[in-house]
Amino acid sequence: VAVLESRRIAWSASGRNDGFVLPGFAAPMDQVVSRVGLEHAKALWALSEMGLRYVRSTIAEARLPGVAPIAGWLKVSKVDNGDQVLDDAQLYGEELGTEIELWPTERVRDVLKTNHYFHALHLPRAFHIHPLNYALGLAELAEAAGARIFEDTPALAIDAEGVRKRIATPSGRVRAAHIVLACSVHLGALAPRIAGTLLPIWSYTITTAPLGPRLTAAIGYRGGVTDTDLANNHYRVVGNDRLLWSGHTTTWEADPKRYVRRLQADIAAVYPQLGEVEVEHVWSGVLGNALHRMPQIGEVFGGLWLASGFGGHGINTTAMAGNIL
């Protein structure tokens, strides 16, 4: 296997995501059920859980350094919609067979000290990780298994006709029986028709300076948290006393520093007891969203394969795609 990477391993979404490892997809499962039926939806859900198990077992078996998986994910509601949360819990628990807990408002507010939240769904087997260290760990495992990784090597053109296909790079050509396009929104002119099926979406993330005991007093949950709303936030505690917080999206690439104050305001609105938080790091990441918000996985034509469009839900579904291919 030869991996052609135009820049450096994990420079984009693979290393810049929030590190949440969940079953499922970017598309809500009720939409998946309505589109393909319950039986097909169950099969898709099982594949997504397989991807999650792959990530967990790979980290444990290879003892990947610095990945630091922390169990649990809470999807909290900003509105008092207990009936909707109950319906979701029944779909995921009873129909799809996943381990899930319905948390009432009192339990949510016992660990997240804010009156902004009501009911929540808790997935105890989901977890969060340091995504860059995970991606770099996978690269080392791939090389140990015999793969060759060529960084700073953009693919300029593909000749996919015939049994031995050719990929042109600035410093040479690669011949291969199979080619996998795993470039998401960075595919560009290499395959413009495929590239045109994805909408690029940038999101913005900050990490605070150490907050000390006030963070523990405000957030007593160490798993990942996603709140519901169109302008939702995702956050998790890192290093025991820092807060990683993401939110706000654009369909163009903007300077992430412009979103620091907005993200600080989001934190202040939910957890005013934290006071003014100092931000030490800010960055952005771009994801590729297909119209159906499901991954694009499969053979385009003989020997040319696609693994793309993970829609910001990629750690489990990229593992799933790799196993499927």
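Quick notes on the rules
- Residues numbered from 1 in each chain as written.
- Predicted model: local features only at pLDDT ≥ 70, side-chain atom pairs only at ≥ 80, totals over all residues.
- Heavy atoms only, no water.
- Phe/Tyr/Trp six-rings, centres within 6.5 Å; stacked < 30°, edge-to-face > 60°.
- Helix = DSSP H or I, 4+ residues; strand = E, 2+ residues; numbered from the N terminus.
- Buried < 20%, exposed > 50% of the residue type's maximum accessible area, 1.4 Å probe, protein only.
- Lys NZ or Arg CZ within 6 Å of the ring centre and 35° of its normal.
- Core = buried A, V, L, I, M, F, W, Y, C linked by side-chain atoms within 4.5 Å.
- Contact = heavy atoms within 4.5 Å.
- Pairing = 2+ DSSP bridges.
- Axes fitted to C-alpha atoms, helices over the stretch in contact; angles between N-to-C directions.
- Patch = residues over 30% accessible without salt bridge, like charges linked within 9 Å, V, L, I, M, F, W, Y side chains within 5 Å.
- Areas by Shrake-Rupley, 256 points an atom, 1.4 Å probe, with all protein chains shown as cover.
- Salt bridge = Lys/Arg side-chain N within 4 Å of Asp/Glu carboxyl O.

## Side note on the packing of aromatic side chains
Part 1 of the argument: Under the counting rule described, the total for this entry stands at 6 aromatic pairs.
Part 2 of the argument: Aromatic pair Tyr204 and Tyr259: ring centres 4.1 Å apart, planes at 10°, arrangement stacked. Placement of the pair is Tyr204 in strand E11 (residues 198-208) and Tyr259 in the loop between strand E14 (242-250) and helix H9 (260-270), with a sequence separation of 55 residues.
Part 3 of the argument: By relative accessible area, Tyr204 is classed as buried at 0%.
Part 4 of the argument: Counting every residue linked through ring pairs, the aromatic cluster contains Tyr235, Trp245 and Tyr271.
Part 5 of the argument: Over the ring of Trp11 we find Arg7; its NZ or CZ atom is 3.8 Å from the centre of that ring.
Part 6 of the argument: It is Arg109 that lies over the ring of Phe118; its NZ or CZ is 4.9 Å from the centre.

## Considerations on the nonpolar core
Part 1 of the argument: With 31 residues, the main nonpolar core has Leu112, Ile219, Tyr235, Leu243, Trp245 and Tyr271 as its most contacted residues.
Part 2 of the argument: Every element with two or more residues in this core is listed here: strand E3 (70-76), helix H5 (105-111), E11, helix H8 (213-218), strand E13 (233-238), E14 and H9.
Part 3 of the argument: Aside from chain neighbours lying at most four places away, what touches Trp245 is Tyr204, Thr205, Ile206, Asn233, His234, Tyr235, Leu263, Asp266, Ile267, Val270 and Tyr271.

## Brief notes about the environment of Val277
Part 1 of the argument: Within the secondary structure layout, Val277 lies in the loop between H9 and strand E15 (279-290).
Part 2 of the argument: According to the relative accessible area criterion, Val277 is buried, its value standing at 4%.
Part 3 of the argument: C-alpha separation for the pair Val277 and Gly303, spaced 26 residues apart in sequence, amounts to 51 Å.
Part 4 of the argument: Setting aside its immediate chain neighbours within four residues, Val277 contacts Thr208, Leu211, Gln264 and Ile267.

## What to know about the side chain of Thr207
Part 1 of the argument: Locating Thr207 in the fold gives a position in strand E11.
Part 2 of the argument: The exposure class of Thr207 is buried, given its relative accessible area of 8%.
Part 3 of the argument: Not counting residues within four places of it along the chain, the set of residues in contact with Thr207 comprises Val238, Arg242, Leu243, Leu244, Val279, Glu280, His281 and Trp283.

## Details of unusual backbone geometry
Part 1 of the argument: Within the chain, Arg63 stands out as a residue other than glycine whose phi angle is a positive 50°.
Part 2 of the argument: Here Arg63 is to be found in the loop between helix H3 (38-62) and E3.
Part 3 of the argument: The exposed category is assigned to Arg63, whose relative accessible area is 76%.
Part 4 of the argument: Phi at Asp152 takes a positive value of approximately 50°, unusual for a residue other than glycine.
Part 5 of the argument: Among the structural elements, Asp152 can be located in the loop between strand E6 (148-150) and strand E7 (157-159).
Part 6 of the argument: For Asp152, a relative accessible area of 59% translates into the label exposed.

## Describing the sheet that holds strand E16 (residues 296-301)
Part 1 of the argument: Ordered by their spatial adjacency, 3 strands build an open sheet running E10-E17-E16, and the pairing between neighbours is mixed. Each edge of the sheet is formed by a strand with only one pairing partner; in this case those strands are strand E10 (179-181) and E16. Pairwise comparison of adjacent strand axes, ignoring direction, gives a mean angle of 25° for this sheet.
Part 2 of the argument: Pairing analysis gives 3 bridges linking E10 to strand E17 (residues 304-308), with the strands arranged parallel.

## Some details on the sheet that holds strand E9 (residues 172-176)
Part 1 of the argument: What the 3 strands build is an open sheet, ordered E7-E8-E9; its pairing is antiparallel. Looking along the sheet, the strands with just one partner apiece sit at the ends: E7 and E9. Averaged over neighbouring strand pairs, the angle between their axes works out to 20° when direction is ignored.
Part 2 of the argument: Taken together, the 3 bridges between E7 and strand E8 (residues 165-169) define a ladder with antiparallel strand orientation. The partner of Ile158 across the bridge, within E8, is Ile167.

## Here's the deal with a nonpolar patch on the surface
Part 1 of the argument: A surface patch of nonpolar side chains, amounting to about 290 Å² of accessible area, comprises Leu47, Val180, Ile324 and Leu325.
Part 2 of the argument: Looking at the secondary structure, you find Ile324 in helix H10 (residues 314-324).
Part 3 of the argument: Note on Ile324: relative accessible area 41%, which makes it partly exposed.

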